[in-house]
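# Fold and geometry: a report
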Amino acid sequence: MRHRISGRILGRDAGHRKALFRNLVRELYLHGRIITTEAKARAIRADAEKLITKAKNNIAEGAGRVHASRQLVAYLNDKTVTKKVFDEIAPRYASRNGGYTRIIKIGKRQGDAADMAIIELVEGEASA
């Protein structure tokens, strides 16, 4: 029984799963959209949105931004992507309270019939 067990395991051990989620979120921020399985897209959605919220809430603050940026670097393992989140992505959603990503189902993968999906950052006010 799965009582009080949260999160998606995806058939991986903890370290592999953590690395997978970090890599997928980093690529999402770099490219704006990625194609992956529906299960992986649903699994990373919460992490991606929490990091954007953290950056958005700390954009104007001085000392708070340092701490938040270090937290993002610790998660993403990439200073350039962290800079992009703070300078480009977070300001785009300044007037939006969550819902920064969307998942679009695109059918089944030919090789193993896995449900595929596109996860992308929704357009904010800067892009419109």
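Scope of this entry: the structure provided in the associated data block. (Residues numbered from 1 in each chain as written. Predicted model: local features only at pLDDT ≥ 70, side-chain atom pairs only at ≥ 80, totals over all residues. Heavy atoms only, no water.)

### Section: the overall build of the protein
For the protein, the count of helices and strands is four helices and three strands. From first element to last, N terminus to C terminus, the protein shows the α and β order α-β-α-α-α-β-β. Taken along the three principal axes of its C-alpha coordinates, the protein extends 50 × 35 × 30 Å. Considering the protein as a whole, with its 128 residues, one finds that 37% of them fall into the buried category. Taking the intrachain contacts of the protein between residues at least 6 apart in sequence as the baseline, contacts between residues at least 24 apart amount to 57%. Summed over all atoms, the accessible surface of the protein reaches about 7800 Å², with 51% contributed by carbon and sulfur. The distance from the centre of the 26 positive side-chain charges to the centre of the 14 negative ones in the protein is 5 Å. (Helix = DSSP H or I, 4+ residues; strand = E, 2+ residues; numbered from the N terminus. Buried < 20%, exposed > 50% of the residue type's maximum accessible area, 1.4 Å probe, protein only. Contact = heavy atoms within 4.5 Å. Areas by Shrake-Rupley, 256 points an atom, 1.4 Å probe, with all protein chains shown as cover. Lys, Arg positive; Asp, Glu negative; His and termini not counted. Charge placed at Lys NZ, Arg CZ, Asp CG, Glu CD.)

### Points about the sheet that holds strand 3 (residues 115-121)
Strand order across the open sheet formed by three strands is 1-3-2, with antiparallel pairing between neighbours. Two strands lie at the open edges of the sheet, namely strand 1 (33-37) and strand 2 (101-108), each paired on one side alone. Neighbour to neighbour, the strand axes of the sheet diverge by 25° on average, direction disregarded. Alignment of strand 1 against strand 3, held across five bridges, turns out to be antiparallel. Bridging across to strand 3, Thr 36 finds its partner in Ala 117. Of the strands in this sheet, strand 1, strand 2 and strand 3 are in contact with helix 1 (residues 14-31), which crosses strand 1 at around 145°. (Pairing = 2+ DSSP bridges. Axes fitted to C-alpha atoms, helices over the stretch in contact; angles between N-to-C directions.)

### Observations concerning a nonpolar patch on the surface
A cluster of nonpolar residues, Ile 35, Ile 104 and Ile 106, forms a patch on the protein surface that exposes about 260 Å² of accessible area. Mapped onto the elements, Ile 35 comes out in strand 1. (Patch = residues over 30% accessible without salt bridge, like charges linked within 9 Å, V, L, I, M, F, W, Y side chains within 5 Å. Salt bridge = Lys/Arg side-chain N within 4 Å of Asp/Glu carboxyl O.)

### Some words on helix 1
With 18 residues, helix 1 extends 26 Å from end C-alpha to end C-alpha; this agrees with the ideal 26 Å at 1.5 Å per step. For helix 1, every residue scored as buried is listed here: Arg 17, Leu 20, Phe 21, Arg 22, Leu 24, Val 25, Arg 26, Leu 28 and Tyr 29. (Expected span 1.5 Å × (residues − 1).)

### Quick look at the packing of helix 1 against helix 2 (residues 38-57)
Where helix 1 meets helix 2, the closest approach of the two axes is 9 Å, and the angle between their N-to-C directions is 65°. Relative to helix 2, helix 1 is oriented roughly perpendicular. Viewed along their axes, helix 1 and helix 2 form a crossing whose handedness is right-handed. Facing helix 1, whose interface residues are Leu 20, Phe 21, Leu 24, Val 25, Leu 28 and Tyr 29, helix 2 presents Lys 40, Ala 43, Ile 44, Asp 47, Ala 48, Leu 51 and Ile 52. In terms of residue class, the contact of helix 1 with helix 2 is built from eleven nonpolar, no polar and two charged. (Parallel < 35°, antiparallel > 145°, perpendicular 65-115°, else oblique. Left-handed = near helix turned anticlockwise from the far one by under 90°. Nonpolar A, V, L, I, M, F, W, Y, C, P; charged D, E, K, R; others polar.)

### Re the packing of aromatic side chains
The final tally for this structure, using the stated rule, is one aromatic pair. With a centroid separation of 5.0 Å and 40° between ring planes, the pair formed by Tyr 93 and Tyr 100 is classed as tilted. Seen from the ring of Tyr 75, Arg 22 lies directly overhead, with NZ or CZ sitting 5.7 Å from the centre. (Phe/Tyr/Trp six-rings, centres within 6.5 Å; stacked < 30°, edge-to-face > 60°. Lys NZ or Arg CZ within 6 Å of the ring centre and 35° of its normal.)

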